[in-house]
Amino acid sequence: MTTDVIRAGTEVTPHESGAPAAVLAFFDAYRVHDVERMVDLCTEGADFRYVPFEVRGRQRVLHGEGKVRTIGKVIWTALIDAFPDLTNAVTSLRADEQGNVVAEVSVGGIQARPFGIIASAGGHFELPHLFLFHVTGDGLIDDIVAYWDNVDWKRQLGCVEVD
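So, how was this worked out
- Residues numbered from 1 in each chain as written.
- Predicted model: local features only at pLDDT ≥ 70, side-chain atom pairs only at ≥ 80, totals over all residues.
- Heavy atoms only, no water.
- Core = buried A, V, L, I, M, F, W, Y, C linked by side-chain atoms within 4.5 Å.
- Buried < 20%, exposed > 50% of the residue type's maximum accessible area, 1.4 Å probe, protein only.
- Helix = DSSP H or I, 4+ residues; strand = E, 2+ residues; numbered from the N terminus.
- Phe/Tyr/Trp six-rings, centres within 6.5 Å; stacked < 30°, edge-to-face > 60°.
- Salt bridge = Lys/Arg side-chain N within 4 Å of Asp/Glu carboxyl O.
- Pairing = 2+ DSSP bridges.
- Axes fitted to C-alpha atoms, helices over the stretch in contact; angles between N-to-C directions.
- Contact = heavy atoms within 4.5 Å.
- Expected span 1.5 Å × (residues − 1).
- Polar contact = N/O pair within 3.5 Å; in protein donor to acceptor, adjacent residues only side chain to side chain.

*Asks:* How should the nonpolar core be read in this particular structure?
*Replies:* Phe 26, Tyr 30, Tyr 50, Trp 76, Phe 133, Ile 144 and Trp 153 are the most contacted members of the largest nonpolar core, which has 46 residues in total. Counting only elements with at least two residues in this core, the list comes to helix H1 (14-31), helix H2 (35-40), strand E1 (42-56), helix H3 (68-82), strand E3 (87-95), strand E4 (100-110), strand E5 (124-135) and strand E6 (141-147). It is H1 that provides the largest number of residues to this core, a total of nine residues.

As structure tokens, then:
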């Protein structure tokens, strides 16, 4: 396995430098809240899974699992709405020749509106995330999986759940 590292802001397109550039372009679009561009960097049927994500409704629990163009787009849009200054910084990026990319990303922002059960108290969060991507030979993302400490996220925002 080789490790490719490309710094954010290097002005390369996903097709020019393969999988790492596609992932950096994705986070660049996320940083400027361009959800349409994030989706356009993915294949039509790209899979999406935010492992710790769940929203409890009256009669069911919604999990962050499905397709980029449905579940992913809705979650990203809702996050940006609740955290209008939402930002990210790619701190580590590793890729192999098969299109697998692992990105450690610091995500943070100040809450302006409620998000799920997290009422808005104007709290700030800063949290490391681990993203796993697969990028096709055409430079498009076809799988996104993310992990983070959901308990710490809620704690930073002042949300204390009691069952």
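*Asks:* What exactly am I supposed to notice about the packing of aromatic side chains here?
*Replies:* Applying the stated criterion across every chain, the model contains 18 aromatic pairs. Among the aromatic residues, those joined into a cluster by ring pairs are Phe 26, Phe 27, Tyr 30, Phe 48, Tyr 50, Trp 76, Phe 131, Phe 133 and Trp 148.

*Asks:* Whenever I open this one, the pattern of salt bridges confuses me. Can you help?
*Replies:* Close approach of charged atoms allows side chains with opposite charge to pair. The final tally for this structure, using the stated rule, is six salt bridges. Of the charged contacts, one joins Lys 67 and Asp 47 as a salt bridge, the two residues approaching to 2.6 Å between their closest N and O atoms. Placement of Lys 67 in strand E2 (residues 61-67) and of Asp 47 in strand E1 is noted, with a sequence separation of 20 residues between them. Overall, Lys 67 belongs to the partly exposed group, its relative accessible area being 37%. The shortest N-O distance in the salt bridge between Asp 152 and Arg 155 comes to 2.5 Å. You can see Asp 152 and its partner Arg 155 sitting in helix H4 (residues 150-156), three residues apart, about one turn around the helix. Exposure remark for Arg 155: the relative accessible area of 55% places this residue in the exposed category.

*Asks:* Would you take a moment to explain the sheet that holds E4 for this structure?
*Replies:* To summarise the sheet geometry, strands pair through backbone hydrogen bonds and adopt either a parallel or an antiparallel arrangement. On the basis of which strands lie adjacent, the open sheet formed by six strands has the order E2-E1-E6-E5-E4-E3 and mixed pairing. For this open sheet the edge positions go to E2 and E3, each flanked by a neighbour on one side alone. Between one strand and the next, the sheet's axes are offset by a mean angle of 20 degrees, whatever the strand orientation. Across eleven bridges, E4 lies against E5 in antiparallel orientation. Opposite Ala 103, over in E5, you have Phe 131 as the bridge partner. Against the sheet, H3 touches E1, E2, E4 and E6, its axis set at about 55 degrees to E1.

*Asks:* I'm lost on H3 in this one. Help?
*Replies:* Residues spaced three or four apart along an α-helix face the same direction, because each turn holds 3.6 residues. Taking 1.5 Å as the rise per residue, H3 with 15 residues should run 21 Å; its terminal C-alpha atoms sit 19 Å apart, in good agreement. Among all positions in H3, only Val 68, Gly 72, Ile 75, Trp 76, Leu 79, Ile 80 and Ala 82 are buried.

*Asks:* I'm lost on the pairing of E1 in this one. Help?
*Replies:* On any regular strand, side chains alternate: one points to one face of the sheet, the next to the other face. Bridge count between E1 and E6: five bridges; the pairing is parallel. Across the sheet, the residue bridging to Phe 48 is Ile 144, located in E6.

*Asks:* Help me understand unusual backbone geometry in this model?
*Replies:* Generally, phi is negative for residues other than glycine and the peptide bonds are trans, each holding for most cases. With a phi angle near 65 degrees, His 33 is a residue other than glycine that sits in the positive phi range. Examined against the element boundaries, His 33 turns out to sit in the loop between H1 and H2.

*Asks:* Would you explain the environment of Ser 106 in this entry?
*Replies:* Mapping Ser 106 onto the fold places it in strand E4. For the pair formed by Ser 106 and Val 90, sequence separation is 16 residues and the distance between their alpha carbons is 6.5 Å. In this structure Ser 106 touches Thr 87, Asn 88, Ala 89, Glu 126, Leu 127 and Pro 128, once residues within four positions along its chain are discounted. Reaching out from Ser 106, the side chain makes a polar contact with the side chain of Glu 126 at a distance of 2.5 Å.

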